[in-house]
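# Remarks on the overall topology
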Amino acid sequence: MPEGDTIHKLAAAIRPRLEGRTVREAWVRSEPRGTFKRSQASTALAADPSIDHSGLIGHRVERVYAEGKHLFFEFEQGVLVRSHLGMYGDWHRYQPGEPWKKPEWQASLALWTERDVMVCFNAKEVELLKAATIRHANFRNRLGPDLLAPGSDVILAAPRARELLDADAPLLDVLLDQRIASGIGNVYKSEVLFMERQHPLRVLGDTSDGELQSLYARARALLSRNLGGGPRVTRFVPDGRGSLWVYSRRGRPCFRCGAKIQAGRLGRDMRSTYWCPACQIV
Ligand SMILES: [Zn+2]
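All of these numbers come straight from a predicted model, not from anything done at the bench.

Before going further, it helps to examine the overall build of the protein chain. For the protein chain, the helix and strand inventory stands at six helices and 11 strands. A buried classification covers 50% of the 282 residues belonging to the protein chain. Taken as a whole, the protein chain presents about 13,300 Å² of accessible surface, with 51% of it coming from carbon and sulfur.

Right under this line is the structure:
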């Protein structure tokens, strides 16, 4: 699943293709992946009423940017397109006229410029925000500060967490809650908890503000260090033994203490979680 750093990298890759360019054709399919029918593939997409073609064509893309796990396209007339890849979404770039590697019916968002065709397949969410200022403000209220935004303040994470969640919420759910701070995905969740020696099932009520701030500061540092190219790294020890501390290491020895790393599907969404039973205390 793409995490915050992935979406920032994606924005950086897409930006030179779209910013300042005029969109010649656009498809925005708002309903979530899986709800549209394969049979629509045989009908001309131009005739598909679920695709919004209007409002973007002939307009220039002013800005491409990431906020948390969301990728935004801001158009000159104030229209904003928000996209969220979810588990299955991905972006492709084609030359005009080049055949796509996935079928048209899987396309959630497609933008044509003179030189490029940018296509997002199988997005979890795509939304055209016509009254950009109002709708965008509502969206921002649902999303905590982006850990990668300049000046984002981890001190606010603790009060936000206590306001939004019950005292018995486990830390693994706290870190994944994008309303508190956005950007932490499932891999970083396990890694950050290990690095800060916090058990994933320790509850919010037993965790101090200082400990929460340390978790978010650690997450921000890791997300920042991973903005460059290459695979995701949380363990910067050049011994060839692994670039992650615990994720995907079930049954293997802890790099710190040698205990066997444990794994389980834990928390509200039963997401894969890895931890060291000796280093991380409840
Ligand atoms: Zn250990």
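Protein coordination at the zinc ion: the donors are Cys-254 (SG), Cys-257 (SG), Cys-276 (SG) and Cys-279 (SG), at 2.2 to 2.4 Å from the metal. One can describe the site at the zinc ion as tetrahedral: its four donor atoms subtend angles covering 102 to 115° at the metal. Expressed as a motif, the donor residue spacing for the zinc ion is C-x2-C-x18-C-x2-C. For Cys-257, a relative accessible area of 39% puts it in the partly exposed group.

Now for the packing of aromatic side chains. Overall, the coordinates contain 10 aromatic pairs when judged by the stated rule. Consider the rings of Trp-245 and Phe-255, whose centres lie 6.0 Å apart with planes at 75°: the pair is edge-to-face. Here Trp-245, found in the loop between α6 (209-225) and β10 (262-266), pairs with Phe-255, found in the loop between α6 and β10; they are 10 residues apart in sequence, far enough to count as distant. A single burial state applies to Trp-245 and to Phe-255, both of which are buried.

Within the structure shown, the criterion is met by 18 salt bridges. With a shortest N-O distance of 3.3 Å, Glu-74 and Arg-63 are connected by a salt bridge. Of this pair, Glu-74 sits in strand β4 (residues 70-75) while Arg-63 sits in strand β3 (residues 61-67), and the two are 11 residues apart along the sequence. Of the residues examined, Glu-74 reaches a relative accessible area of 25% and is grouped as partly exposed. Close ionic contact of Arg-82 with Glu-127 constitutes a salt bridge, the shortest N to O distance being 2.9 Å. Taken together, the residues Arg-82 in strand β5 (residues 80-84) and Glu-127 in strand β9 (residues 125-129) connect sequence positions 45 residues apart.

What follows deals with helix α3 (residues 157-164). When α3 is considered as a whole, its buried residues turn out to be Ala-157, Ala-158 and Ala-161. Down the axis, α3 shows its buried residues gathered within 100° of arc, on one side only. The inward-facing, buried residues of α3 contact α4 (171-176) and α6.

Our next topic: empty space enclosed by the protein. Taken as a whole and assessed by the stated rule, the structure comprises one cavity of 30 Å³ or more. Surrounding the largest cavity, Pro-145, Leu-147, Ser-152, Asp-153, Val-154, Ala-157, Ile-180, Ala-181 and Tyr-216 form its lining. Considered class by class, the residues forming the lining of the largest cavity number seven nonpolar, one polar and one charged.

Moving on, we get to the layout of surface pockets. When its volume is computed, the largest pocket comes out at roughly 330 Å³. In terms of lining residues, the largest pocket is bounded by 14 residues, among which Lys-69, Leu-176, Asp-177, Gln-178 and Asp-269 are the most central. Looking at side-chain class alone, the lining of the largest pocket contains three nonpolar, three polar and eight charged residues.

So, on to the pairing of strand β7 (residues 107-112). For β7, the tally of buried residues reaches six of six residues, placing the bulk of the element in the interior. Across four bridges, the pairing between strand β1 (residues 25-29) and β7 is antiparallel. Its bridge partner being in β7, Trp-27 is matched across the sheet by Ala-110. Of the strand pairs in this sheet, β7 and strand β8 (residues 117-121) are connected by five bridges, and their pairing is antiparallel. Bridge pairing links Ala-107 to Phe-121 in β8. Counting the residues that bridge the hairpin from β7 to β8 gives four residues.

To continue, consider the nonpolar core. Within the largest apolar cluster, 41 residues are counted, with the highest numbers of intra-cluster contacts made by Leu-147, Val-174, Phe-194 and Tyr-216. Beyond its immediate sequence surroundings of up to four residues, Leu-147 is in contact with Ser-152, Val-154, Ala-181, Ser-182, Ile-184, Tyr-216, Ala-219, Arg-220 and Leu-223.

Let's shift gears to the side chain of Asp-173. When you line up the elements, Asp-173 lands in helix α4. Summary of buried charges: Asp-173 has no salt-bridge partner, and the nearest side chain of opposite charge, Arg-268, is 4.7 Å away. Within polar-contact distance, the side chain of Asp-173 engages the backbone nitrogen of Arg-268 at 2.9 Å. Every residue in contact with Asp-173, bar those within four places of it in the chain, is listed here: Gly-267 and Arg-268.

About the cut-offs
Residues numbered from 1 in each chain as written. Predicted model: local features only at pLDDT ≥ 70, side-chain atom pairs only at ≥ 80, totals over all residues. Heavy atoms only, no water. Helix = DSSP H or I, 4+ residues; strand = E, 2+ residues; numbered from the N terminus. Buried < 20%, exposed > 50% of the residue type's maximum accessible area, 1.4 Å probe, protein only. Areas by Shrake-Rupley, 256 points an atom, 1.4 Å probe, with all protein chains shown as cover. Donors = N, O, S within 2.8 Å, 3.2 Å for Na, K, Ca; no water. Tetrahedral: all angles 85-135°; square planar, octahedral: opposite > 155°, others 65-115°. Phe/Tyr/Trp six-rings, centres within 6.5 Å; stacked < 30°, edge-to-face > 60°. Salt bridge = Lys/Arg side-chain N within 4 Å of Asp/Glu carboxyl O. Arc of directions from axis to C-beta. Contact = heavy atoms within 4.5 Å. 1 Å grid on protein atoms, 1.4 Å probe; cavity = no way out; pocket = protein on both sides within 12 Å on 5 of 7 lines; lining within 4 Å. Points joined across faces, edges and corners; volume = space filled by probe spheres on them. Nonpolar A, V, L, I, M, F, W, Y, C, P; charged D, E, K, R; others polar. Pairing = 2+ DSSP bridges. Core = buried A, V, L, I, M, F, W, Y, C linked by side-chain atoms within 4.5 Å. Lys, Arg positive; Asp, Glu negative; His and termini not counted. Polar contact = N/O pair within 3.5 Å; in protein donor to acceptor, adjacent residues only side chain to side chain.

Any functional reading would require information beyond the geometric quantities listed.
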